[in-house]
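Understanding the architecture of this molecule
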Amino acid sequence: MSKGQIILHHYPQSPVTEKVRVVLGMKSLSWKSVEIPRLPPKPNLMPLTGGYRLTPVMQIGADIYCDTKCIIRELERRHPDPTLFPGGAYGMAWGVGQWTDGPLFTDVITVALVEMAPNMPPEFLADRGPLYFGPDFSLEDIKSKYTDALVNIRAQFGWFDERLKQRDFMLGAEPGLPDALAYYLVWFLRDRMADGDRFLSQFESLIGWEQRVKAIGHGTPEEFSDLDALAIAKAAEPETPEQRDPGDPSGLDVGMAVTIAPASGGPRVVGTVRSLSPDQIAILRTDTQVGQVCVHFPRMGYRVTPA
Ligand SMILES: N[C@@H](CCC(=O)N[C@@H](CS)C(=O)NCC(=O)O)C(=O)O
């Protein structure tokens, strides 16, 4: 396996992964595709992440990248050409993600969950309901929010549509990060909403753009086994260099023992800080199956506490 080989742990139906698959397409990358279960336990993913269970996860040797923010940033770092920021749109484009992955995602998942609920296996609803709406989740409550969510989506997809009236992609003539951030939500809604085609037909420019982003594809994926992915991690050493961040407001430093979990909840991953920056934290941990791995997380949206 070549050095730097990208391995993506995901499943085809995952909307959040569609964002990464589109980025892989924009960069025309070859990658290995490991299909993981849609529900925990995920026994052949946990040795890599140390407990983080969300989808997708990217692996490069013994470096493991959790969360799409972290994955996409690393793909841009390793494969800067073509850039995800054509025309120099650095910085603010990540802020767009805080909107699309935040309030807009909540509106879309509200509609999608209500649409899917009648055909959803009870164990799937019991997992996804609290995952997205918190421990007090009730389907009745979410159903009562359906129409408001659709009203919100109509306004926000309308902003995408307005933006696309005079350009092929969100930033101009070339595709970039904001296209991936918007596209996965349109892809998700069209797939999960029974009346999705009719609902989306009101956004004329968005539909043309959707076809253009779809045509970019996903790069060149190749099916790969989860056990082979574990063997690759075991045979490799983490390649993340030590990096300090003297300005870190929480006083974290390289070598400290910490736990990391999504701020919304979930299992905590335990390790020793290896690398810090305003955007990311990476920790070293040792696993009986794969040996030492370095697990990367974004700072935004994750809670880091002393172990
Ligand atoms: N902030 C995370 C969110 C990831 C997320 O919620 N992914 C969904 C799949 S689309 C998920 O993990 N669902 C539960 C699961 O796969 O176990 C990211 O950007 O990667």
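Starting from 1, residues in each chain are numbered consecutively following that chain's sequence as written. It should be noted that, the model being predicted, local features are given only for residues of pLDDT at least 70 and side-chain atom pairs only at 80 or more, the latter also being counted only at that level, while totals for whole chains, interfaces and linings use all residues.

**Details of the overall build of the chain**
A count of helices and strands for the chain gives eleven helices and ten strands. For a compact globule the rule gives 2.2 Å times the number of residues to the power 0.38, and the radius of gyration it is set against comes from C-alpha atoms. Computed over its C-alpha atoms, the radius of gyration of the chain comes to 19 Å, within 12% of the 19 Å expected for a compact globule of 307 residues. Residues counted as buried form 37% of the 307 residues belonging to the chain. Secondary structure follows DSSP: runs of H or I at least 4 residues long count as helices, runs of E at least 2 residues long count as strands, and numbering of each begins at the N terminus. Exposure classification rests on a simple neighbour count of other C-beta atoms within 10 Å of a residue's own: a residue reaching 20 or more is buried, one at 12 or fewer is exposed, and one in between is partly exposed. C-beta atoms are placed from the backbone.

**Quick look at helix H5 (residues 122-133)**
Helix length check: H5 (twelve residues) gives 16 Å between terminal C-alpha atoms against 16 Å at 1.5 Å per residue, within 8%. Among the residues trailing H5, Gly134 stands out with phi positive, at a value near 90 degrees. Helix span is expected to be 1.5 Å times the residue number reduced by one.

**Observations concerning the sheet that holds strand S5 (residues 220-223)**
Spatially, ten strands are ordered S5-S2-S1-S3-S4-S9-S8-S7-S6-S10 in an open sheet, and the strand pairing comes out mixed. The open sheet terminates on both sides in strands that have one partner only, identified here as S5 and strand S10 (302-306). If you compare each strand with its neighbour and ignore which way they point, the axes differ by 35 degrees on average. When DSSP locates at least two bridges between a pair of strands, those strands are taken to pair. Angles shown run from 0 to 180 degrees and are taken between the N-to-C directions of axes, each axis being a line fitted to C-alpha atoms and, for helices, limited to the stretch in contact.

**Digging into the nonpolar core**
The biggest cluster of nonpolar side chains holds 73 residues, and the ones touching the most others in it are Val23, Val108, Leu185 and Val295. Ranked by the residues each element gives to this core, the list is headed by helix H8 (residues 177-192), at ten residues. Domain borders in the structure are assigned automatically or taken from a domain database. Counting contributing residues, this core receives three or more from each of domain 1 (6-82 + 221-306) and domain 2 (92-216). In contact with Val108, other than residues within four places in its own chain, are Ile153, Leu185, Phe188 and Leu189. Here, a nonpolar core denotes buried Ala, Val, Leu, Ile, Met, Phe, Trp, Tyr and Cys residues that are linked to one another through C-beta atoms within 7 Å. Contact between two residues is assigned when their C-beta atoms, built from the backbone, lie within 7 Å.

**Structural notes on the site of the ligand**
Any residue whose backbone-placed C-beta atom lies within 6 Å of a molecule or strand is treated as near that molecule or strand. In the vicinity of the ligand, the contacting residues are Ser14, Pro15, Val16, Arg38, Arg53, Leu54, Thr55, Asp67, Thr68, Lys69, Asp101 and Leu131. Sorting the residues of the shell around the ligand by element identifies helix H1 (15-26) and helix H3 (68-78) as the ones contributing at least two each. All residues other than Ala, Val, Leu, Ile, Met, Phe, Trp, Tyr, Cys, Pro, Asp, Glu, Lys and Arg, Gly among them, are scored as polar; the first ten of these are nonpolar and the last four charged. Its residues placed into classes, the shell around the ligand shows four nonpolar, three polar and five charged.

**Re the environment of Ala89**
When you line up the elements, Ala89 lands in the loop between H3 and helix H4 (92-116). Sequence spacing of Ala89 and Gly251 is 162 residues, and the spatial spacing of their C-alpha atoms is 31 Å. Other than its neighbours up to four places away in sequence, Ala89 contacts Leu171 and Gly176.

**Considering the packing of H1 against H3**
Two numbers describe how H1 lies on H3: the axes approach to 10 Å, and their chain directions differ by 5 degrees. In terms of their interaxial angle, H1 and H3 are classed as roughly parallel. Here Val16, Lys19, Val20 and Val23 of H1 lie close against H3, whose contacting residues are Thr68, Ile71, Ile72 and Leu75. Under this scheme an angle from 65 to 115 degrees is roughly perpendicular, one under 35 degrees roughly parallel, and one over 145 degrees roughly antiparallel; angles in between are oblique.

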